[in-house]
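# Report on the structure
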Amino acid sequence: MARDVPMKALICRGFGEGENLALEGRPLPQPGPGQVRVKVLACGANASDWEMITGRPAYGRISRWFLRGRDVFGSDIIGRVEALGPGCTRLQTGQRVAADTFGSFGGFASYAVAAEKLFVPVPNGVSDILAAALPQSGTIALTAMRGRVTPGMKVLVNGGGGGSGSLAIQLAVAEGAEVWGVDTGAKADVMIEAGASRVFDFEQEDWAESGAEFDLILDLWGTRPMRVIRRCLTPNGRYMMVGGPMKRVLGALGASILSLFTSRKLGLLAVNQGPDDLSDLMEMVREERLHPVVGEVTSLEGAREALMLMGARKVSGKLVIVPGE
């Protein structure tokens, strides 16, 4: 039986560019009070995983210190409930569930343990692979676009060819916005299929020098000073950064304070971890109102190389890792 043999896990030791990852055997994790163990069916990879692996930007290295020895990453977990810890009453064994386990991670493995409160059921009609593209990426996209986009707005998504970016484009287009996407040239088709009316290859042209002004900018990887961003916004425009070099993150934090006194709003996008939006995202996919873009599916054996490709911006849409038996 599975419980009598070690599970497989992709172990991260120290910091590196992927050479610090190795597939090893581990004992099965045991659920504590309020926790469940799931057999991992699929796990989406996020930029946050790569930041933990590389320690770049600096907040990735700082976060690792707070994680106190955790060495298996992967937080967008789709799994089947196998064991319930004391006090768990909401889920049942055998149930297919999804969660963003950022902070505890553990998804790049055959089995994972996390708090029961983080999981939501995966509805019939949503595959493991598509569901794995939603927990973190979908929540970022939904938080950025829901309630902020109205018909006729001009929206720019920097990083539009990735997991979050392609979903954000779809959500903005569905609200009637004109959306421009920015990413590598190899990801142009993903952005166009998502609904972008214009795309930029950032390696060839600078969207900030286009002369266009935007009502909303979602910047999944900030690289520009706030003084440049301000001139790209309409008088009541909003800019939201998700991640980037520490210099840019600190700049966005400072800009958020200054924005209290101006009509243009600049700062970091605050995203609440947890299941609140995940059920809504699942229903959108089930009803075919949202179409996650999965660019690469691999096994745990191929995860190291696939993560390295993702880190080099060579995976369009989402990378999903399927542990298998």
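These numbers come from a predicted model, not from an experiment. (Residues numbered from 1 in each chain as written. Predicted model: local features only at pLDDT ≥ 70, side-chain atom pairs only at ≥ 80, totals over all residues. Heavy atoms only, no water.)

## Quick notes on the side chain of D71
- Relative to the assigned elements, D71 resides in the loop between helix 2 (58-67) and strand 4 (76-84).
- Residue D71 is classed as buried on the basis of its relative accessible area, which comes to 19%.
- A distance of 2.8 Å separates a polar atom in the side chain of D71 from a polar atom in the side chain of R26.
- Beyond its immediate stretch of four places on either side in the chain, D71 contacts L10, I11, C12 and R26. (Helix = DSSP H or I, 4+ residues; strand = E, 2+ residues; numbered from the N terminus. Buried < 20%, exposed > 50% of the residue type's maximum accessible area, 1.4 Å probe, protein only. Polar contact = N/O pair within 3.5 Å; in protein donor to acceptor, adjacent residues only side chain to side chain. Contact = heavy atoms within 4.5 Å.)

## Looking at the side chain of N20
- Relative to the elements of secondary structure, N20 occurs in the loop between strand 1 (7-12) and strand 2 (21-26).
- For N20, a relative accessible area of 10% corresponds to the buried category.
- In terms of polar contacts, N20 uses its side chain to reach the backbone carbonyl oxygen of I53, at 3.1 Å.
- With sequence-adjacent residues up to four places away left out, N20 is seen in contact with I11, C12, R13, G14, F15 and I53.

## Remarks on the environment of K117
- Locating K117 in the fold gives a position in the loop between strand 6 (111-115) and strand 7 (120-121).
- A relative accessible area of 64% means that K117 is categorised as exposed.
- Considered as a pair, K117 and G160 are 43 residues apart in the sequence and their alpha carbons are 31 Å apart.
- Sequence-distant contacts of K117, that is, excluding residues within four places in its chain, are made with R90 and P275.

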